[in-house]
Amino acid sequence: MTSKRALITGITGQDGSYLAEHLLSLGYEVHGIVRRVALEDPERRFTRIAHLLDKINLHAASLESYPSIFSVISRFEFEECYHLAAQSFVAESFQDGFSTMNININGTHYLLAALKELLPGCRFYFAGSSEMFGKVQETPQKETTPFHPRSPYGISKVAGFELTRNYREAYGMFCASGLLFNHEGPRRGFEFVTRKITNAAVRIKLGLATEVRLGNLDATRDWGHAADYVRAMHLMLVQPTPDDYVVASGETHSVREFCERAFAILDLDYQDFVVVDDQFYRPAEVDVLVGDASKARKVLGWKPTYTLQELIEEMVREDLRTVAGANGINLESSGISYPEASKASSYIGG
Ligand code: G4F
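Given the structure is predicted, the values throughout are model-derived calculations rather than measurements. (Residues numbered from 1 in each chain as written. Predicted model: local features only at pLDDT ≥ 70, side-chain atom pairs only at ≥ 80, totals over all residues. Heavy atoms only, no water.)

Asker: Which parts of the structure should I look at to understand the overall build of the chain?
Answerer: The helix and strand inventory of the chain stands at twelve helices and 13 strands. At 20 Å, the chain has a C-alpha radius of gyration in line with the 20 Å of a compact globule built from 350 residues. Taken along the three principal axes of its C-alpha coordinates, the chain extends 60 × 45 × 40 Å. In the chain, which comprises 350 residues, the proportion classed as buried is 53%. In the chain, of all internal contacts separated by at least 6 residues, the share reaching a separation of at least 24 is 79%. About 14,900 Å² of surface is accessible on the chain, with carbon and sulfur atoms providing 49% of the total. (Helix = DSSP H or I, 4+ residues; strand = E, 2+ residues; numbered from the N terminus. Rg over C-alpha atoms; globule rule 2.2 N^0.38 Å. Buried < 20%, exposed > 50% of the residue type's maximum accessible area, 1.4 Å probe, protein only. Contact = heavy atoms within 4.5 Å. Areas by Shrake-Rupley, 256 points an atom, 1.4 Å probe, with all protein chains shown as cover.)

As structure tokens, this is what we get:
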């Protein structure tokens, strides 16, 4: 056990909530930055961390405001800072590239600048993304693969990555970036394709919906479980030297296959319910992503514990539980059984 103090930006999100749990389990004192509006509306904004609220320390600050970040960092001696907050929905970044760039690039810069000024010894983690590889220059993608981002989001993450590397090289700070491939779970936002599919499949099974409209079913992604990926973030910050690491499962599967598997768990055929809708296509698509995490496996000793099937089962199971509960549906009397759990769920609360 440790007595270290860590700061997490984006603590209310999927990754932030899993990371907070992980750090608490290691004995960390966990602090998080949240927007003031979130503090004023905890029931709606803190669903993923509701079960942690008496164990963590939350501070109001905004990534758009350097003084607010400076103020939080000036008040505590953080040993580690995990920068997860971002506008992270790729499709939205095409709608509003300006705010995506502002939050993702300037927010990262403000944090790094405040740490350099106040706590240069604090170790810093930047949440890089496989979207930085975009139109991939080689397969599988690894740390040395050139970037070719295909969205304002991807471009903002390349800039954040370069800022992080520059603070490491220019000021000798311990700054590390994770190049994380898609990571999902039952706490995933409903706008992302995996949760959109599992939630829709469950709603269709329960008679609450009749179809789900999706975009490019042939896009392929390297999907892992967020609970596995946050362990890699922590491992990066406890190494002797800072570096960048790809974190991925090493497998790629299509959106179509994800649909097929999710619906099949509920004894449904996705072809009867999935409607392709042009509005969910992106102006520029990242067609195929697959990561090579050999460096993380070798240097960090990291490996994923979930298979894709176990991930989908957990997501379907949790959606079934929550959607049925919210709609007063008794699964047993409706003759609907939970999908067999081939793996103990990492889902807690939320
Ligand atoms: O689930 P997605 O929206 O995730 P995407 O764009 O790969 O980005 C996610 O993973 C990145 C890597 O870790 C993160 F950096 C990023 O912040 C985010 O977490 O879309 C996945 C694929 C895309 O090819 C998209 O075109 O699914 C395709 N898709 C097809 N129909 C759809 C839909 N995506 C969404 N969101 N909604 C659809 O209806």
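Asker: Quick question: what am I supposed to make of the site of the ligand here?
Answerer: Around the ligand sit 25 residues, and of these Ser88, Ser129, Tyr153, Arg282 and Glu285 come closest. In this structure, Ser88 approaches the ligand through a main-chain N or O atom, which is 2.5 Å from an oxygen atom. Asn182 is positioned such that a nitrogen or oxygen atom in its side chain is 2.8 Å from an oxygen atom of the ligand. Compared with its free state, where it exposes 710 Å², the ligand has 97% of that area covered by protein. Elements with a minimum of two residues in the shell around the ligand: α8 (193-205) and β8 (212-214). For the shell around the ligand, the residue count by class is eleven nonpolar, six polar and eight charged. (Near = heavy atom within 4 Å. Polar contact = N/O pair within 3.5 Å; in protein donor to acceptor, adjacent residues only side chain to side chain. Nonpolar A, V, L, I, M, F, W, Y, C, P; charged D, E, K, R; others polar.)

Asker: I keep staring at unusual backbone geometry and nothing clicks. Help me out?
Answerer: The step from Thr139 to Pro140 runs through a cis peptide bond, and the omega angle for that step is -5 degrees. Secondary-structure assignment places Pro140 in the loop between β5 (123-129) and α7 (152-171).

Asker: Just to check I follow, could you spell out the packing of α8 against helix α10 (residues 255-265) for this structure?
Answerer: Two quantities define a packed helix pair, namely the angle between the axes and the distance from one axis to the other. Across the interface, α8 lies against α10 with an axial gap of 10 Å and an inter-helix angle of 30 degrees. As α8 runs across α10, the sense of the crossing is right-handed. On α10, the residues that touch Val193, Thr194, Ile197, Thr198, Ala201 and Ile204 of α8 are Val255, Phe258, Cys259, Ala262 and Phe263. Taken together, the residues that form the contact of α8 with α10 break down as nine nonpolar, two polar and no charged. (Axes fitted to C-alpha atoms, helices over the stretch in contact; angles between N-to-C directions. Left-handed = near helix turned anticlockwise from the far one by under 90°.)

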